[in-house]
Amino acid sequence: MTESKALSLLGLANRARKVISGEELVIKEVKNGRAKLVLLSMDASENTTKKVQDKCRFYRIPIYWISNREILGTAIGKESRVVLAITDLGFAKKLEILLGES
């Protein structure tokens with residue numbers, strides 16, 4: 001239940017233009033300090049996973065795992081996505097609460 005609420009909120013954040021998708025763009029946002037939360041698919045490649053985790057760990061950005069890339073893509077109304085960054089603190093905090101419960 002809370003995961004579906006989190007995915008609905010993710011769709012709302014996307015419509016508000018507070019979601020960045022794509023490995024290189026997400027890493028750029030993390031480096032620039034604009035990413036407040038990163039969502040990574042469990043079926044991402046080892047290289048992508050390591051790169052994103054290392055950047056998030058270094059810049060102290062919270063990272064949450066989503067079961068697969070299709071769920072992430074569907075939540076924002078696009079095709080499958082491996083990694084997303086939330087750039088708004090309010091959306092990020094609420095997503096952390098919802099994803100922490102699930």
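The rules we used
Residues numbered from 1 in each chain as written. Predicted model: local features only at pLDDT ≥ 70, side-chain atom pairs only at ≥ 80, totals over all residues. Heavy atoms only, no water. Pairing = 2+ DSSP bridges. Helix = DSSP H or I, 4+ residues; strand = E, 2+ residues; numbered from the N terminus. Axes fitted to C-alpha atoms, helices over the stretch in contact; angles between N-to-C directions. Core = buried A, V, L, I, M, F, W, Y, C linked by side-chain atoms within 4.5 Å. Buried < 20%, exposed > 50% of the residue type's maximum accessible area, 1.4 Å probe, protein only. Contact = heavy atoms within 4.5 Å. Phe/Tyr/Trp six-rings, centres within 6.5 Å; stacked < 30°, edge-to-face > 60°.

Draft legend 1. Looking closely at the sheet that holds strand β4 (residues 83-86). With mixed pairing, the 4 strands of this open sheet are ordered in space as β1-β4-β2-β3. Because the sheet does not close on itself, it has two edges, and the strands there are β1 (19-21) and β3 (63-66). The mean angle between the axes of side-by-side strands here comes to 25°, regardless of whether they run parallel or antiparallel. As judged from the 4 bridges shared by strand β2 (residues 37-41) and β4, these two strands associate in the antiparallel manner. Each bridged residue has a counterpart across the sheet, and for L37 the counterpart in β4 is I86.

Draft legend 2. Seen up close, the nonpolar core. Judged by nonpolar contacts, the single largest core of 19 residues is most densely connected at L10, V19, L39, L84, I86 and L95. At the level of secondary structure, the elements contributing two or more residues to this core comprise α1 (2-15), β2, α4 (69-75), β4 and α5 (89-101). When residues no more than four places from it in sequence are discounted, the contact partners of V19 are L10, A13, N14, I76, L84, A85, I86 and T87. Counting residues in each nonpolar core, the second largest holds 12 residues, with V30, A35, L40 and A44 among its members.

Draft legend 3. Here's a closer look at the packing of aromatic side chains. Within the structure shown, the criterion is met by 1 aromatic pair. Seen in terms of ring centroids, F58 and Y59 are 4.9 Å apart; in terms of plane orientation they differ by 80°. Their pairing is edge-to-face. Look at F58 and you get exposed, because its relative accessible area is 64%.

Fair warning: the whole summary comes from geometry, so function is off the table for now.
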